[in-house]
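Examining the three-dimensional arrangement
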Amino acid sequence: MTLPSAPAPAPAPALAPTPAPAPASVPPLALRARATGGSPVRDILAVTARPEVINFAGGLPAPELFDREGVAAAFRHVLEETPGRALQYATTEGEPALRERLARRTAARGLPTDADDLLVTTGSQQALSLLATALLDPGDTVLVEDPCYLAALQVFGLAGARVVAVPGDADGPDPEALADLVVRERPKLLYTVPTFQNPTGRTLPAERRAALASVAARHGLWIVEDDPYGELRYEGERVPWIAAHPDAADRTVLLGSFSKVMAPGLRLGWLRAPAELRRACAVAKQAADLHTPTVNQLAAARYLAVSDLDAHVARVAAVYRERRDAMLAGLPRALPEGSVWNRPEGGMFLWARLPETYDTGALLSRVVQEDVAYVPGAPFHAGPPDRSTLRLCFVTQTPEEIGEGLRRLGRGLRGAA
């Protein structure tokens, strides 16, 4: 006899799936990264990249003036003759052949320099970053010109420094105001572009440079002297570096670059500094990129050995002088009545101030509609901004393009009046 089967148990009710926990948020960016904005110039260039725009905003050397054949020949030589060395790691301080030739060029311009006094950097912009790493702790005070090179303000901001503008005049920072600030603020350094400054194009006279060096000597202060434009002189006499002044010999860092005289794409710069600070910058560079690209350094050394860089710079300066003059000739018709501007003796930039009722930042979008661009002056100020100012770069376009660009600028500004 077969017993009946026990009834099958009722199926258990299906359980709702347990929701996966939400992923935790990642830690935030560093405060310095959150607090430091991008470059207004880079932002403007991104907006005005259309080929029909005549762009007075960028600080771009004229590409048609690059010595393409000379640079290409230098690269061919090092890749054919010393490929193993050119494609290999190098020392952090820089290739000896390049440092030796840089030292000779520096000494020939009145500042005795040995190869060991120099550190090759990936553009002079890296030199600023290395100095900030070596010299600045968060909260330290840095003194700057007013207005000041934008990317320097970025570097000091990322370092967590407190940036204070030194009052000045058409000749640059005022020495008495500098002395007062040094006593009151106890800064680590003064940053200056004394020759054909970015953004104003002004040049500090020899007497002003000596006075700044004297303040640094009396009160204890580093001077960072940035000189990317000094060889682009169109008129007047060369003014010696602050670093050549006896009072500043042990406390001035001189920065140089091939970007404006050879090619910015090489990303080759250098700093000349006292030994202890130079070694600290070398350690910072080891952590940043180990060394500047070997092949670029060797190609630059080869170029200096077989080409006449001074003759090339003279040819470039002659063209840039014509372009500066074209801009100066067109400004009276382009800018509104009551505007003022300077006449730089060299460099790449011209600084203008419109009547007080004009805000060049607010007006930029209207002007860009006319297919022309400039850089508003406000971001260059570490202190209260002068919103009626603007920077114009005159080296990238031909005189004819400059004339057309200024006509467009005039239309844009008149439409905003």
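A short tour of the structure in this document, coming up.

About the thresholds
- Residues numbered from 1 in each chain as written.
- Predicted model: local features only at pLDDT ≥ 70, side-chain atom pairs only at ≥ 80, totals over all residues.
- Heavy atoms only, no water.
- Helix = DSSP H or I, 4+ residues; strand = E, 2+ residues; numbered from the N terminus.
- Buried < 20%, exposed > 50% of the residue type's maximum accessible area, 1.4 Å probe, protein only.
- Areas by Shrake-Rupley, 256 points an atom, 1.4 Å probe, with all protein chains shown as cover.
- Lys, Arg positive; Asp, Glu negative; His and termini not counted.
- Charge placed at Lys NZ, Arg CZ, Asp CG, Glu CD.
- Pairing = 2+ DSSP bridges.
- Contact = heavy atoms within 4.5 Å.
- Polar contact = N/O pair within 3.5 Å; in protein donor to acceptor, adjacent residues only side chain to side chain.
- Axes fitted to C-alpha atoms, helices over the stretch in contact; angles between N-to-C directions.
- Left-handed = near helix turned anticlockwise from the far one by under 90°.
- Nonpolar A, V, L, I, M, F, W, Y, C, P; charged D, E, K, R; others polar.
- Disulfide = S-S within 2.5 Å.
- Core = buried A, V, L, I, M, F, W, Y, C linked by side-chain atoms within 4.5 Å.
- Parallel < 35°, antiparallel > 145°, perpendicular 65-115°, else oblique.
- Salt bridge = Lys/Arg side-chain N within 4 Å of Asp/Glu carboxyl O.

1. Focus: the overall build of the chain
Scanning the chain from N- to C-terminus turns up 14 helices and 15 strands. Seen along its three principal axes, the alpha-carbon backbone of the chain occupies a region of about 125 × 60 × 55 Å. Sorting the 417 residues of the chain into buried and exposed places 51% on the buried side. Accessible surface computed for the chain: about 19600 Å², of which carbon and sulfur atoms make up 56%. The positive charge centre, built from 44 side chains, and the negative charge centre, built from 48, are 2 Å apart in the chain.

2. Quick word on the pairing of strand β10 (residues 269-272)
A two-sided burial pattern is seen for β10, the buried positions comprising G269 and L271 on one face and W270 and R272 on the other. Bridging between strand β2 (residues 118-121) and β10 involves four bridges; their strand directions are antiparallel. By the bridge assignment for β10, L119 is matched with L271.

3. Points about the sheet that holds strand β14 (residues 375-376)
The strands making up a sheet associate through hydrogen bonds between their backbones, and the pairing can be parallel or antiparallel. Read across the open sheet, the four strands follow the order β11-β12-β15-β14; overall the sheet is antiparallel. The outermost strands of the open sheet, each flanked by one partner alone, are β11 (340-341) and β14. As defined by bridge partners, strand β12 (residues 349-353) adjoins strand β15 (residues 389-393) across five bridges and the pair is classed as antiparallel. What sits directly across from L350, in β15, is L392.

4. Quick notes on helix α8 (residues 175-185)
For an α-helix, the turn length of 3.6 residues means that residues three or four places apart are oriented alike. Those residues of α8 not exposed but buried are P175, A177, L178, A179, L181, V182 and E185. Tucked into the core, α8 has its buried residues touching β3 (141-144), β4 (162-165), β6 (172-173), β7 (189-192) and α9 (206-219). Capping the start of α8, D174 holds a side-chain oxygen 3.2 Å from the backbone nitrogen of E176, two or three residues further along. R186 occupies a position one or two residues after α8 and carries a positive phi of about 50 degrees.

5. Some remarks on the side chain of R105
By secondary structure assignment, the location of R105 is in helix α5 (residues 96-108). In this view, R105 contacts E231, L304, L309 and D310; residues no more than four positions away in its chain are not counted.

6. Things to note about the packing of helix α3 (residues 68-81) against helix α11 (residues 294-306)
Packing of α3 against α11 leaves a shortest axis separation of 8 Å and a crossing angle of 115 degrees. Helix-helix and strand crossings are classified by hand; for α3 and α11 the assignment is right-handed. Here G70, V71, A74, F75, H77, V78 and L79 of α3 lie close against α11, whose contacting residues are V295, N296, L298, A299, R302 and Y303. Looking at the contact of α3 with α11, its residues break down into nine nonpolar, three polar and one charged.

7. Here we look at the pairing of β12
Counting buried positions along β12 yields four of five residues, so the element is predominantly enclosed. Where β11 meets β12, two bridges bridge the pair, whose relative direction is antiparallel. Opposite W341, over in β12, you have A352 as the bridge partner.

8. Focus on the sheet that holds strand β9 (residues 252-257)
Read from one edge to the other, the open sheet built from seven strands follows the order β2-β10-β9-β8-β7-β3-β4, with strand pairing classed as mixed. The two strands at the open ends of the sheet, each matched to only one other strand, are β2 and β4. Within this sheet the neighbouring strands show an average axis-to-axis angle of 20 degrees, counted without direction. Direction of pairing for β7 relative to strand β8 (residues 222-226): parallel, over a ladder of four bridges.

9. Digging into the state of the cysteines
Inspection of the entire model under this criterion finds zero disulfides. Cysteine C148 shares no disulfide, and the gap to the nearest cysteine sulfur, in C393, comes to 18 Å. The exposure class of C148 is buried, given its relative accessible area of 0%. Overall, the relative accessible area of 0% leaves C393 in the buried class.

10. Some details on the environment of A170
Within the secondary structure, A170 sits in the loop between β5 (168-169) and β6. Taking relative accessible area as the criterion, A170 reaches 63% and is therefore assigned exposed. Spatially, the C-alpha atoms of A170 and P240 are 18 Å apart, while their sequence positions differ by 70 residues.

11. Some details on the nonpolar core
With 100 residues, the main nonpolar core has F156, Y191 and F258 as its most contacted residues. The element best represented in this core is helix α12 (residues 309-334), accounting for ten residues. Once residues within four sequence positions are removed from consideration, F156 is found in contact with L128, L136, V142, V144, A161, V163, L189 and Y191.

12. Regarding helix α7 (residues 150-158)
Buried within α7 we find L150, A151, A152, L153, V155 and F156. Two residues or fewer past α7, G160 is found with a positive phi of approximately 80 degrees.

13. Brief notes about the packing of α8 against α9
Where α8 contacts α9, the two axes come as close as 9 Å, and the packing angle between them is 20 degrees. Classified by the interaxial angle, the pair formed by α8 and α9 is roughly parallel. In this structure, α8 meets α9 at a crossing whose hand is right-handed. Facing α8, whose interface residues are P175, L178, A179, V182 and V183, α9 presents R208, A211, L212, V215, R218 and H219.

14. As for the pattern of salt bridges
Pairs can form between side chains of opposite charge whenever their charged atoms are close. With the rule as written, the count across this model stands at 24 salt bridges. In this structure, R50 engages E52 in a salt bridge whose closest nitrogen and oxygen atoms are separated by 2.8 Å. Overall, the relative accessible area of 37% leaves E52 in the partly exposed class. Between D140 and K188 there is a salt bridge; the shortest N-O distance is 2.7 Å. You can see D140 sitting in the loop between α6 (123-135) and β3 and its partner K188 sitting in the loop between α8 and β7, a full 48 residues away along the chain. A single salt-bridge network, built from bridges that share partners, covers R105, R109, E231 and D310.

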